[in-house]
Each structure stands twice: as C-alpha cells, then as structure tokens.
Amino acid sequence: MQTKRVSNTFAITILSPIIKINDVGFLHKSSNSLNLQIYSSGVNLANIKISDRICVSAVCYEKKEFNKIFFLNEHYDEFFKEILEREPIYDRQNLVTNECGFSQNLSKYSIQYEVCNNNISFNDAKNRIKIIIKELE
C-alpha cells in the first residue's frame, strides 16, 4: 500500500547557536513522517526526518534530546513537528487568530511564533533561535 506524500518548496532561514542556514528547502509530508530537505546550489545541506525520532542526516535522536540540542530546551516531543506543520504550539497557549493565520507570544519561553498565509516565523529571543519559512510558488 502506497502512502500519500505531499511536497512543498520553501525559502528557509534557520539561525541558532549550532546551525545557520538560509537556502531553499522541500518539506515532504506523508502519513507517518515529515522530511525537511535543505539545499544550497543544488547540494543537500540538511536532511531532517521526523517520525518516531528525529534524524538529521544519518544521526537520530529521541525528540526531547533533539530539542535540547537544537532549541536548547527539551520542550515536548511534537514541538518541532508542530512548527513545521504550521500548527499552534504548547496546546494553543496565548493563541491570537488574525486574518492570515495566528500568533503566539509565550513569554515564559521568550518565544514569538506566527503563522501567516502558510509562512512561519519563530523567534526564541532567550536562546537566539530563529526559524523563518516562506512558501515559494
């Protein structure tokens, strides 16, 4: 049985203490996994697959372990997946809907998160982490 797979193309900026990327990427979504591939000049820079664990290229982590390394905070298992899927985080805490999507200001974590017209803006001021994803036509 074949699983349905949906792919979208994005301009992706990821800035954190451990990684700095500003390139084009593809997000492939199937029923049981999410795969973010980031390219620069046709070369695959990063391949991040989220299923029961999060794998970066050939190295796999438990989800909280990945969060601790990447976000400098354990957060919760589905945190990164919810951001990539443009869903509210932290059980919709401080969710404000607007004409193009929603925003969340989670001052407890120093996080500003917004989804507007399928574009993502995530900013963790405390840990200096930014994720900006803009859908390309």
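Please refer to the structure placed before this passage.
To start, this report covers the structure provided alongside it. Here the structure is a predicted model, which means the values were calculated and not measured.

### A few points about the overall build of the protein
Part 1 of the reasoning: A count of helices and strands for the protein gives two helices and 11 strands.
Part 2 of the reasoning: For the protein, whose C-alpha radius of gyration is 15 Å, the value lies close to the compact-globule estimate of 14 Å for 137 residues.
Part 3 of the reasoning: With the principal axes as the frame, the protein shows a C-alpha extent of 40 × 35 × 30 Å.
Part 4 of the reasoning: In the protein, which comprises 137 residues, the share counted as buried stands at 38%.
Part 5 of the reasoning: In the protein, 33% of the contacts between residues at least 6 apart in sequence involve partners at least 24 apart.
Part 6 of the reasoning: Carbon and sulfur atoms provide 47% of the accessible area of the protein, an area that totals close to 8000 Å².

### Observations concerning the nonpolar core
Part 1 of the reasoning: Judged by nonpolar contacts, the single largest core of 32 residues is most densely connected at Phe 71, Ile 89, Tyr 113 and Phe 122.
Part 2 of the reasoning: The element that contributes the greatest number of residues to this core is helix H2 (residues 79-84), accounting for four residues.
Part 3 of the reasoning: The contacts of Tyr 113, once residues within four sequence positions are left out, are Glu 82, Ile 83, Arg 86, Glu 87, Pro 88, Ile 89, Phe 102, Ser 103, Gln 104, Ile 120, Ser 121 and Phe 122.

### Re the packing of aromatic side chains
Part 1 of the reasoning: Within the structure shown, the criterion is met by 16 aromatic pairs.
Part 2 of the reasoning: Arranged with centres 5.6 Å apart and planes meeting at 65°, the rings of Phe 71 and Phe 80 form a pair that is edge-to-face.
Part 3 of the reasoning: We classify Phe 71 as buried; its relative accessible area is 0%.
Part 4 of the reasoning: On the basis of an interplanar angle of 85° and a centroid distance of 4.9 Å, the ring pair of Tyr 76 and Tyr 90 is categorised as edge-to-face. Of this pair, Tyr 76 sits in the loop between helix H1 (63-70) and H2 while Tyr 90 is found in the loop between H2 and strand S7 (95-98), placing the two residues 14 residues apart along the sequence.

Each value, and the rule that gives it
Residues numbered from 1 in each chain as written. Predicted model: local features only at pLDDT ≥ 70, side-chain atom pairs only at ≥ 80, totals over all residues. Heavy atoms only, no water. Helix = DSSP H or I, 4+ residues; strand = E, 2+ residues; numbered from the N terminus. Rg over C-alpha atoms; globule rule 2.2 N^0.38 Å. Buried < 20%, exposed > 50% of the residue type's maximum accessible area, 1.4 Å probe, protein only. Contact = heavy atoms within 4.5 Å. Areas by Shrake-Rupley, 256 points an atom, 1.4 Å probe, with all protein chains shown as cover. Core = buried A, V, L, I, M, F, W, Y, C linked by side-chain atoms within 4.5 Å. Phe/Tyr/Trp six-rings, centres within 6.5 Å; stacked < 30°, edge-to-face > 60°.

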